[in-house]
Every structure is written in C-alpha cells, then in structure tokens.
Amino acid sequence: MGTEQTTVVEISEPLLVDDGEVLGKIEAADEEDNLGSESIPEWKEQITIRGLLVSALLGTLFCIITHKLNLTVGIIPSLNVAAGLLGFFLVKSWTSFMSKLGVLVKPFTRQENTVIQTCVVACYGLAFSGGFGSYLLAMDEKSYEIIGKDYPGNRAEDVKNPGLLWMMGFLFVVSFLGLFSLVPLRKVMVLGYKLTYPSGTATAMLINSFHTSSGAELARKQVSSLGKYLSLSFFWSFFKWFFSGSGDSCGFDNFPSLGLTLFKNTFYFDFSPTYVGCGLICPHIVNCSVLLGAIVSWGFLWPFISQRAGDWYPADLGSTDFKGLYGYKVFIAISLILGDGLYNLIKIITVTVREICNSQNSSAIPQLAAYEATTKLSIEQRRRDAIFLKDGIPFWFAASAYVGLAAISTATVPMIFPPLKWYLVLCSYIIAPALAFCNSYGTGLTDWSLASTYGKIGLFTITSLVGSKGGVLAGLAASGVMMSIVSTAADLMQDFKTGYLTLSSALSMFVSQLAGTAMGCIIAPLTFWLYWTAFDIGSPDSPYKAPYAVIYREMAILGVSGFSELPKHCLAISSVFFVAALVINLARDLAPKRISRFIPIPMAMAVPFYIGAYFAIDMFVGTVILFVWEQLNRQGAENYAGAVASGLICGDGIWTIPSAILSIFRINPPICMSFSPTTSS
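Residues numbered from 1 in each chain as written. Predicted model: local features only at pLDDT ≥ 70, side-chain atom pairs only at ≥ 80, totals over all residues. Heavy atoms only, no water.

### Topic: a nonpolar patch on the surface
Then comes step 1: Where nonpolar side chains cluster on the molecular surface, the patch consists of Trp422, Tyr423, Leu426, Ile430 and Ile431 and spans about 540 Å² of accessible area.
Then comes step 2: The residue Trp422 is located in helix 20 (residues 422-446) in this model. (Patch = residues over 30% accessible without salt bridge, like charges linked within 9 Å, V, L, I, M, F, W, Y side chains within 5 Å. Areas by Shrake-Rupley, 256 points an atom, 1.4 Å probe, with all protein chains shown as cover. Salt bridge = Lys/Arg side-chain N within 4 Å of Asp/Glu carboxyl O. Helix = DSSP H or I, 4+ residues; strand = E, 2+ residues; numbered from the N terminus.)

### Description of the state of the cysteines
Then comes step 1: Under the criterion given, the structure shown has 1 disulfide.
Then comes step 2: Across a sulfur-sulfur distance of 1.8 Å, Cys250 and Cys672 are joined as a disulfide pair. Looking along the S-S bond of the Cys250-Cys672 disulfide, the torsion reads about -70 degrees, which is the left-handed sense. Highlighted residues: Cys250 in the loop between helix 12 (213-241) and helix 13 (260-264) and Cys672 in the segment after helix 29 (634-664), separated in sequence by 422 residues.
Then comes step 3: Judged by its relative accessible area of 7%, Cys250 is buried.
Then comes step 4: The cysteine Cys282 is free of any disulfide, with Cys278 supplying the nearest cysteine sulfur at 5.7 Å. (Disulfide = S-S within 2.5 Å. Buried < 20%, exposed > 50% of the residue type's maximum accessible area, 1.4 Å probe, protein only.)

### Digging into the pattern of salt bridges
Then comes step 1: On inspection of all chains with the given rule, the structure shows 9 salt bridges.
Then comes step 2: We note a salt bridge from Asp253 to Lys240, for which the minimum N-O separation is 3.1 Å. Taken together, the residues span a long stretch of sequence, with Asp253 in the loop between helix 12 and helix 13 and Lys240 in helix 12 at a distance of 13 residues.
Then comes step 3: Classification of Asp253 as partly exposed rests on a relative accessible area of 35%.

### A word on the nonpolar core
Generally speaking, nonpolar side chains in soluble globular proteins are found buried as a group.
Then comes step 1: By size, the foremost hydrophobic cluster in this structure holds 188 residues, and its most contacted members are Phe62, Phe170, Phe417, Leu420 and Phe496.
Then comes step 2: It is helix 22 (residues 471-501) that contributes the most residues to this core, 17 residues altogether.
Then comes step 3: Sequence-distant contacts of Phe417, that is, excluding residues within four places in its chain, are made with Leu136, Met139, Lys160, Trp166, Phe170, Leu473 and Ala477. (Core = buried A, V, L, I, M, F, W, Y, C linked by side-chain atoms within 4.5 Å. Contact = heavy atoms within 4.5 Å.)

### Details of the packing of aromatic side chains
Then comes step 1: Inspection of the entire model under this criterion finds 43 aromatic pairs.
Then comes step 2: Ring geometry for Phe238 against Trp655: centres 5.3 Å apart, planes inclined by 55 degrees, an arrangement best described as tilted. Highlighted residues: Phe238 in helix 12 and Trp655 in helix 29, separated in sequence by 417 residues.
Then comes step 3: Relative accessible area serves as the criterion here: at 9%, Trp655 is assigned to the buried category. (Phe/Tyr/Trp six-rings, centres within 6.5 Å; stacked < 30°, edge-to-face > 60°.)

### Points about empty space enclosed by the protein
Then comes step 1: Counting across every chain of the model gives 4 cavities of 30 Å³ or more.
Then comes step 2: Each pocket or cavity is described by its volume, and for the largest cavity that value is around 60 Å³.
Then comes step 3: As for the largest cavity, its lining consists of Asn80, Gln117, Val121, Ser199, Gly200, Thr203, Asp491, Gln494, Asp495 and Thr498.
Then comes step 4: Sorting the residues of the lining of the largest cavity by element identifies helix 6 (110-129), helix 11 (198-210) and helix 22 as the ones contributing at least two each.
Then comes step 5: Considered class by class, the residues forming the lining of the largest cavity number 1 nonpolar, 7 polar and 2 charged.
Then comes step 6: In terms of lining, the second largest cavity is formed by Val121, Ala122, Gly125, Leu126, Ser129, Ser487, Thr488, Asp491, Gln513 and Thr517.
Then comes step 7: Element by element, the count of residues in the lining of the second largest cavity is highest for helix 6, at 5 residues.
Then comes step 8: Residues belonging to the lining of the second largest cavity are distributed by class as follows: 3 nonpolar, 6 polar and 1 charged. (1 Å grid on protein atoms, 1.4 Å probe; cavity = no way out; pocket = protein on both sides within 12 Å on 5 of 7 lines; lining within 4 Å. Points joined across faces, edges and corners; volume = space filled by probe spheres on them. Nonpolar A, V, L, I, M, F, W, Y, C, P; charged D, E, K, R; others polar.)

### As for the packing of helix 12 against helix 29
Then comes step 1: Where helix 12 meets helix 29, the closest approach of the two axes is 7 Å, and the angle between their N-to-C directions is 35 degrees. The crossing of helix 12 and helix 29 is right-handed.
Then comes step 2: Tallied by class, residues from the contact of helix 12 with helix 29 come to 16 nonpolar, 8 polar and 2 charged. (Axes fitted to C-alpha atoms, helices over the stretch in contact; angles between N-to-C directions. Left-handed = near helix turned anticlockwise from the far one by under 90°.)

### Notes on helix 12
Then comes step 1: With 29 residues, helix 12 should reach 42 Å at 1.5 Å per residue; the first-to-last C-alpha distance of 42 Å fits that figure.
Then comes step 2: Among the residues making up helix 12, those that are buried are Gly215, Ala219, Gln222, Val223, Ser225, Leu226, Leu230, Ser233, Ser237, Lys240 and Trp241. (Expected span 1.5 Å × (residues − 1).)

### Focus on the side chain of Asp140
Then comes step 1: Checked against the element boundaries, Asp140 lands in the loop between helix 6 and helix 7 (141-147).
Then comes step 2: Lacking a salt bridge, the buried Asp140 has Lys142 as its closest oppositely charged neighbour, with an N-O distance of 6.3 Å.
Then comes step 3: Not counting residues up to four positions away in its chain, the partners in contact with Asp140 are Val159, Lys160, Asn161, Pro162 and Trp532. (Lys, Arg positive; Asp, Glu negative; His and termini not counted.)

### Some remarks on the confidence of the model for the protein chain
Then comes step 1: Chain-level pLDDT for the protein chain is 83 on average; 89% of the residues reach the 70-or-more range.
Then comes step 2: Considering each helix and strand of the protein chain separately, the mean pLDDT is smallest for helix 1 (residues 13-16), with a value of 36, and largest for helix 8 (residues 164-174), with 95.
Then comes step 3: In this model residues 25-36 is a low-confidence stretch, pLDDT under 50, and it forms 17 contacts with partners more than four residues away in sequence or in other chains.
Then comes step 4: Below a pLDDT of 50 lies the segment residues 363-376, which in the model reaches 26 contacts outside its immediate sequence neighbourhood of four places, other chains included. (pLDDT = per-residue confidence, 0-100.)

### Considerations on unusual backbone geometry
Then comes step 1: In this structure, Thr266 takes a positive phi of about 65 degrees despite not being glycine.
Then comes step 2: Secondary-structure assignment places Thr266 in the loop between helix 13 and helix 14 (273-281).
Then comes step 3: Residue Thr266 is classed as buried on the basis of its relative accessible area of 15%.
Then comes step 4: One non-glycine residue, Ala546, adopts positive backbone phi at about 50 degrees.
Then comes step 5: Checked against the element boundaries, Ala546 lands in the loop between helix 23 (506-534) and helix 24 (547-561).

As structure tokens, this is what we get:
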C-alpha cells in the first residue's frame, strides 16, 4: 500500500488541461528510442463488438454471483481476476475456433482484454453499489415488518417495494455522474501523484502476463483449473438441491457437522462452494476476523444475553423483535461497522491531506523538464505516458456532462422518492466531487474503497434534515446517490491505472466504463428480479436473509428517532463495541507489521454478529486449505488459488439460475434431509 517511489511530477494547470506540448515531447523521445516493437491499436479498435458481447455475458454471470453474496452474507470478494481470466478465455477460444474455420479475425490484444475486464467490473459493480442488498431493499415492506409496525420511527409511508422499472430508472440517473466527476483529474491521480491502486495494478500485471507466450500457457492452465472446479461446484450444488426439501431446515445447508448443540448456535459447515471459494480469495486475516466475530457473538455474547431474557428484555418476544435479542444483534453489528468506517474515513482523509501537502511542498521538477530528462524515465514508462495522454477527454465535456446529468437527476430522483426534495439532491451533487476525490485517492493508497461509509454519511445527514415525516425513505435514497458517485469514481480511477499499465487508451477505458455502467443499469435489476421472484428475500429464516437491508433501515430510523426504544443495556454494549472498533483499528496501524497482521478487522468481525457463524466456518475451511497449499507449494497456490476459488464461486452462482427457474415453477426438491436428537424408547 502507498504510493510508488518515483519522481514527483509537479501538479500544475497544464497537467490538468493541455496535453499537446507534453505529448509532443514524449512522442519525440519515443521516436528517438525506436519504440515501435508493439503496435498499439487506436482507441476505437480496442472496443469491439465481440468484446462487448463477452462483457455482457460475464457481467450477467457476475451480477448473479454478487447478488447471491449480497443477499446471503454481504461480503463481496474481488472478482476482477476472474473477469480478466474468463474474458481472455472466451475471446481467445472464439478467435482460435474461427481461425480453424479459415475465417480471418482480428488479433486479441491486451488492450481489448483490458476493455472487457473494465466493462465487466463496471457492470457487476452496480449489483453492489445499486443497493440491492442494502439501501434499496431496506425500503421494502419485509424490512418494515421485521423491524415492527409499532416500532417508533418505522412508518408505513416510508415503504417502497422493489420495482423493475423504477430501479432501472434510478440507476440510470445516478450511476453516470461519478464517471464524469473526476475525469479531469485522471492525469493528476495516475501521473502526478502516481497512486498505486493495488487491485488495478495487479489486474494489469495479470492481463499483461496473458499476452506473452509463457503467460498464455499459464492462463490456459488457470482456465482449465477454473473450468474443472466450476463444473464440480455446479454439480455439487445440483446434488445438494435434491435433499433440500421445501422448508428452510432441510439438506446439506443445515447439516449439523459439529453437533446439534453447536448447530443451534449456527456453528456448522454447510458445504457451500461459494463461501469456501471466498475463503480462498479473501486474505487470511479477513477469514480469521470473520471466525473471531462468530465466536465472540454466537459463542459467548448471544448466549450470555439470552440468559437475561425476562430481565433485560421480555422473554416472550419473537425472534425478529427489535426490543429483544434481535435488537442487540443488529445494533452491536451496526456499532462495529460505524466504528470501523469512521476510523478509516478519518484515516484516509488525513493521509490524503498529508500526501497532497507533501507533494505540493516538495521540490518538484517542472513538468516539461521532467519529460525532457529522458535518462530519468524508462523507455516503457515514457511510452505509457504518451499513450495515456494521447486520447484526451476535454475538461469542458466532462464538466458539461456532470452538470447536465446532475440537473436531470435533481429533477428525476424526487419523482421516484418524493421525501427527498430537489434541493437536497442538488446539495449532494455539489459536495459529491470532493468526496469522490477523497475516496478515489484513498483507494489508490490503500486499495480500500469507503463508498458504503460515504453512503452512511449521506443517510444520517439527510434523515436528520428531513425529520420524522419521510426521513427514512429520503435518507436511504440519499445513501444510494452518494454511494453510486463515490464508488464509480474510484472504480474509474482504478481502471485508468490498469489501462495505463496495459498500454490502453484512457478514452477506451472511459468509454468501456460507460458501456459497462449502462449494461449494469439493465442487467443488475434484471438479475436481482430473478432472485426477488423466485426466493423469499429478506426473511430471517430464509437463506437469502439480506442482512444489510434491516441494518440500513434501522440506521435510517436511528437518524430520525434516536435510541429511545433499544433494549436494556443495548446502547452501553453497542458503545463498547464502537470504541473497540476504533481501538482495534488504531492498534493495527500503530503496531509493527509482524504483529498488526494478526490483529482482526472490525468490519469483518461485524458480519457474523447478525447473520450467524455457519459461513464463517466455510470461509475458515477455505483459508485453511489455502494455508496448507501455500506451505506445500507456494508457487502453485499463487498461480491457481484464484482460479480454483473463482470456479467454486461461479459454479455455485450459475446453479442459482436453474434453481430459481425451478422455484418459479414451484418444483420442489424430492427429499428433505433433516437431523434431530435420538429419542429414548
């Protein structure tokens, strides 16, 4: 994490506006050094029909996977590697097949591969930032009923059930603004501050490796491994379906693998390829943090509080009554999430301000002089700079587009959500570019996007301004507006970094991001609608609990009504966990690296507090498999772990489609496999 240790380029007005003279200097240097070893296609040639078709196909697949993860546990691992790998495989297979038929096809370049990866990530990114498992679903009637019709601040007027057309319309009017908010600063972020964007850099190195002879061979083996485990995962999920019955307590998903006593406290292995795959992809510390959170909550805290039923809260309450144990689960999880988010927000802003001040105060080399000093720049870097600056995106175009889209959105969003007045939407768009810059800069330094944290800031701000009459619905909608802008802006900057390192045009990156976002505005709601139609979304007893829907609605109610109706000692315990999140994060930053890598992450710990421990067991199994693999064959683990994990996740995700179709046609599994204690005769 951090910035690259290279010569600092002065951030001056020419870097923001005029590329001509700089580009001429670079191209002249390129000619002197005979940089013509690889032909770079024009930006229009980097965007192909076959690339867009592959992007739509993979975007649909990854939207389905993202929805499943969002609606079950709320943890979304990065699928960028799988997007790049599958994009390479599909197009390479197509070109090889057509060549064997004697049809002349365009060569598959790293630039086209980068465009596909960018388009896919932009598409499935909306399945997350679109709020289908959080703020949009928090508006529905199920979340309203779970919290309780008589719960203070929880008004029936603040209910808006999902609808295909209004969700598509909302995404179209809010999702594109983030793309235009920071486009003029792309040279500042990539060339000026030389931000690392670790995920973008890793993706670029992966794509570059595909398009070498040795890398292509490794990619072929990775695709083979991915396909093998995808098939295994798909058929295992198909096999599990036969035993899952028509209820919620049947099948391998409810297998008491650790005994019936632990099963009652949700400690069991449920044979989920998706969660095992997540454990293979996520860092060890994330998986261990999730397991620690499960042990603290379901192993100690909830049994302890349950013993106080009748004293701390009425003993006869339902399992989803916020005045009982359910209230402790939700609010303590919220306290950990907010504590972690607040700490990292302050940290990122502090780091951003410090780095900007350092870059401005440093003795920077004048821009043209830096480019003329060819001995201080590698040939490859000069070439990358030239390609990155070649196809400019005019400042006037980006500014005009942002203003125009903001005007359309300011007029449209209040029609979809009447409590969110036009002047509140306008104010959000005025301050959004500053927040988008902070998030993009922080992502470049730490690889940690805080889009959901900025969304929560918008939520609390708007709910407090609107008040009790419509504040919940307005706050949830405002959360979506803010989250969409800061998330897409950070994604775009990360894609610019990937394009810079793969010698791709900045303009092709921008256009592919626009295309992917447009696809996502259609595909993400459609794939969500598949789940919404086929499954019981949001029910605490359903596999698709949508944990963050209730959490977001309760946060909106808190912004309106405060803490008056919490169970006994709930606020005090929540405050302790909020402070604990701050202290743990501080300890992670202050401790030496050899110690800090063992300190848990509060955000990851918070997830099982509400959902349960079962998925933590699955993810821990994944991390144990990876750990043993690394000890036996570290190189093999580095090369193939991501492919194996992606195959497990994708296969289980693909099974969701036939499973949903069977559910829609009311075709139930033939067997209900369940377990109960032995009774004495």
